Amino acid sequence: MNPKEKKSFTIQDIAKLTGFSIGTVDRALHHREGIKPETREKILEVAEQVGYRTNRVASALSRKKPLVFAAVFPRELHYFYDDVRRGFQDAIERLKDFRVAPLYKDIETLGSGEEEALSSLLSQEISGVVFAPGHSHRFNHLINNFTQRGIPVVAVSTDAPESKRLTTVCVNPRKNGELAGELMANWVKGEVAILIGSQEIDDHYQKTIGFQEALAQFQPSPQLVAILESQESENRAEENTRKLLKNHPELSGIYIATANSVGVCRTLEESGRAQEIKVIATDLFPEVVHYLKKGVINATIFQNPYRQGFEATMSLFQFLVEGIAPPAYLYLEPVIVMRSNLEFYFPAH
């Protein structure tokens, strides 16, 4: 088979070349269910040989109707999700020549409002969804509904692992927790606590497990005295920190497994114990930089939310237009940021 014999191959051409029906070829090229793995492999091999993937990109340039990518992100915590949103926006801008358009469905906080936002999108003409699931399984039926309609969903920053989402773009949460646990075990020998948003958020749950495992491995007698949920509320984080300080006067370390660290740091300063307690935070934004420089935060684990939003959007485009199916997880590397290397990740303006 010589790709030069024809300038532009169609689904119909591939059906003739492979001997399969147009419907079967369409399911294979769009990675839908309902065909045997060996059938899919044969069709994709032929499509690759005739340059069909390249043709799909070329056809996107002349598309009359745009591809609409819906984004469902929380407004809070804005420290983190503003950067995820910015990554999504920049990816859309880069893809504008391919007639890709955004549709925003903002929700208030992670875990609140997702059902309404996703349900409203089911009645609209969209091509794909980039979504931060605020619960490990509560939205599975909605995600699966999109997938069954041929609308891929990419999870970002956290996961719904049992759903039929296309992929998840995030920093490996278990490794995040392990890094924090190893650091904490090397720094303190007394009581430590974890502050998260909710155990029902997969990212937070996995970080908690990783932290506990590393703490047990690197410290012979770990004293994890509390795992407190702040529901991504700054006020709740302050309340939980006051409770910790009151109930555990010997507390020597806190791991904040979300970007919700401002209230914690403010409360530690007000208590006069900021320099006594080692704090490992999550992510990097101006308020964290402020507390890093003051020594209230000793280290933070940078998750690069901008890149998460960007990569999630590009993986959706590559799947829809180029036919490139991503792996089940697209993990970015976690980075420990301290005062000594801060300038490389948050340069002075």
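Provided above is the structure to which this section pertains.
Residues numbered from 1 in each chain as written. Predicted model: local features only at pLDDT ≥ 70, side-chain atom pairs only at ≥ 80, totals over all residues. Heavy atoms only, no water.

A.B. asks: Please explain the overall build of the protein as it appears in this structure.
C.D. replies: In terms of helices and strands, the protein carries 14 helices and 14 strands. Projected onto its principal axes, the C-alpha positions of the protein cover 75 × 40 × 40 Å. Classification of the 349 residues of the protein by burial places 54% in the buried group. For the protein, long-range pairs separated by at least 24 residues make up 68% of all intrachain contacts whose partners lie at least 6 apart in sequence. In the form shown here, the protein has an accessible surface area of approximately 15800 Å², with 49% of it arising from carbon and sulfur atoms. (Helix = DSSP H or I, 4+ residues; strand = E, 2+ residues; numbered from the N terminus. Buried < 20%, exposed > 50% of the residue type's maximum accessible area, 1.4 Å probe, protein only. Contact = heavy atoms within 4.5 Å. Areas by Shrake-Rupley, 256 points an atom, 1.4 Å probe, with all protein chains shown as cover.)

A.B. asks: I tried to follow the packing of aromatic side chains on my own but got confused; where do I start?
C.D. replies: Any aromatic ring pair is given by two values, namely how distant the centres are and how the planes are angled relative to each other. Summed over all chains, the structure comprises 10 aromatic pairs. Taken together, a centroid distance of 6.3 Å and an interplanar angle of 20 degrees make the contact between Tyr306 and Phe310 stacked. Within this pair, Tyr306 and its partner Phe310 are both found in helix H13 (residues 305–322), separated by 4 residues, close to a single helical turn. Judged by its relative accessible area of 13%, Phe310 is buried. Pairwise contacts between aromatic rings join Phe73, Phe88 and Tyr104 into one cluster. Here the guanidinium or amino end of Arg165 rests over the ring plane of Tyr329, the centre of that ring lying 4.9 Å away. Taking NZ or CZ as reference, Lys278 lies 5.7 Å from the ring centre of Trp187, over its face. (Phe/Tyr/Trp six-rings, centres within 6.5 Å; stacked < 30°, edge-to-face > 60°. Lys NZ or Arg CZ within 6 Å of the ring centre and 35° of its normal.)

A.B. asks: Would you take a moment to explain the sheet that holds strand S9 (residues 223–229) for this structure?
C.D. replies: Strand pairing in a sheet relies on backbone hydrogen bonds, with the paired strands running either antiparallel or parallel. Across the sheet, which stays open at both edges, the 6 strands sit in the order S9-S8-S10-S11-S12-S14 with mixed pairing between neighbours. Edge strands, defined here as strands with exactly one partner in the open sheet, are S9 and strand S14 (335–337). Strand-to-strand twist of the sheet, defined as the mean angle between neighbouring strand axes without regard to direction, takes the value 20 degrees. Note that strand S8 (residues 191–196) and strand S10 (residues 251–256) share 5 bridges and pair parallel. Bridging across to S10, Ala193 finds its partner in Ile254. Each of S8, S9 and S10 touches helix H10 (residues 234–247); the most contacted strand, S9, lies at about 155 degrees to it. (Pairing = 2+ DSSP bridges. Axes fitted to C-alpha atoms, helices over the stretch in contact; angles between N-to-C directions.)

A.B. asks: Would you explain helix H2 (residues 22–29) in this entry?
C.D. replies: Side chains three or four residues apart in an α-helix point the same way, a direct result of the helix having 3.6 residues per turn. Buried within H2 we find Thr24, Val25, Ala28 and Leu29. For H2, the buried positions fall inside an angular range of 130 degrees around the axis, keeping them on one side. (Arc of directions from axis to C-beta.)

A.B. asks: Help me understand the pattern of salt bridges, please; the structure alone is not making it clear to me.
C.D. replies: Close approach of charged atoms allows side chains of opposite charge to pair. Considering all chains together, one arrives at 17 salt bridges under this definition. As a salt-bridge pair, Arg85 and Asp82 come within 3.3 Å of each other at their nearest N and O atoms. Taken together, the residues span about one helical turn, with Arg85 and Asp82 both in helix H5 (residues 78–94) at a distance of 3 residues. Among the residues examined, Asp82 registers a relative accessible area of 37% and is labelled partly exposed. The salt bridge partner of Asp203 is Lys207, with a shortest N-O separation of 2.9 Å. Placement of both Asp203 and Lys207 in helix H9 (residues 202–218) is noted, with a separation of 4 residues, approximately one turn of the helix. Classification of Asp203 as buried rests on a relative accessible area of 6%. A residue is classified by how much of its surface remains accessible, and Lys207, at 1% relative accessible area, is buried. Connected through salt bridges with shared partners, the residues Asp82, Arg85 and Asp106 form a single ionic network. (Salt bridge = Lys/Arg side-chain N within 4 Å of Asp/Glu carboxyl O.)

A.B. asks: Even after reading the chapter, I still don't get the nonpolar core, so can you show me in this structure?
C.D. replies: Soluble globular proteins tend to bury their nonpolar side chains together. Membership of the largest hydrophobic core comes to 63 residues, with the highest contact counts inside it found for Phe69, Val100, Leu244, Ile254, Leu268, Leu284 and Ile297. Ranked by residue count, the leading element in this core is H13, at 8 residues. The next biggest cluster of nonpolar side chains, apart from the first, holds 18 residues, and it includes Val68, Ala70, Phe131 and Ala160. (Core = buried A, V, L, I, M, F, W, Y, C linked by side-chain atoms within 4.5 Å.)

A.B. asks: It is not clear to me how unusual backbone geometry should be interpreted in this structure. Could you clarify?
C.D. replies: Residues Glu76 and Leu77 are joined by a peptide bond in cis, for which omega reads 5 degrees. Secondary-structure assignment places Leu77 in the loop between strand S2 (74–76) and H5. Positive phi values are uncommon outside glycine, yet Arg99 reaches one of about 55 degrees. Residue placement: Arg99 occurs in the loop between H5 and strand S3 (100–104). The backbone phi angle of Ser157 is positive, close to 75 degrees, even though this residue is not glycine.

A.B. asks: Teacher, can you tell me more about the pairing of strand S11 (residues 278–282) here?
C.D. replies: Most of S11 sits inside the fold, with 4 of its 5 residues counted as buried. Both S10 and S11 contribute to a ladder of 3 bridges, which runs parallel. Following the sheet pairing, Tyr255 is matched in S11 by Ile280. Note on the crossover from S10 through helix H11 (residues 262–271) to S11: the handedness is right-handed. (Right-handed = clockwise from strand over helix to strand, strands pointing away.)

A.B. asks: Mind showing me how you'd approach helix H6 (residues 114–121) here?
C.D. replies: Buried within H6 we find Glu114, Ala117, Leu118 and Leu121. Projected onto a plane normal to the axis of H6, the buried residues spread over an arc of 90 degrees and lie on a single side. Buried-residue contacts for H6 involve strand S1 (67–72), S3, strand S4 (107–109), strand S5 (128–131) and helix H7 (140–148).

All we've got here are geometric facts, nothing functional implied.
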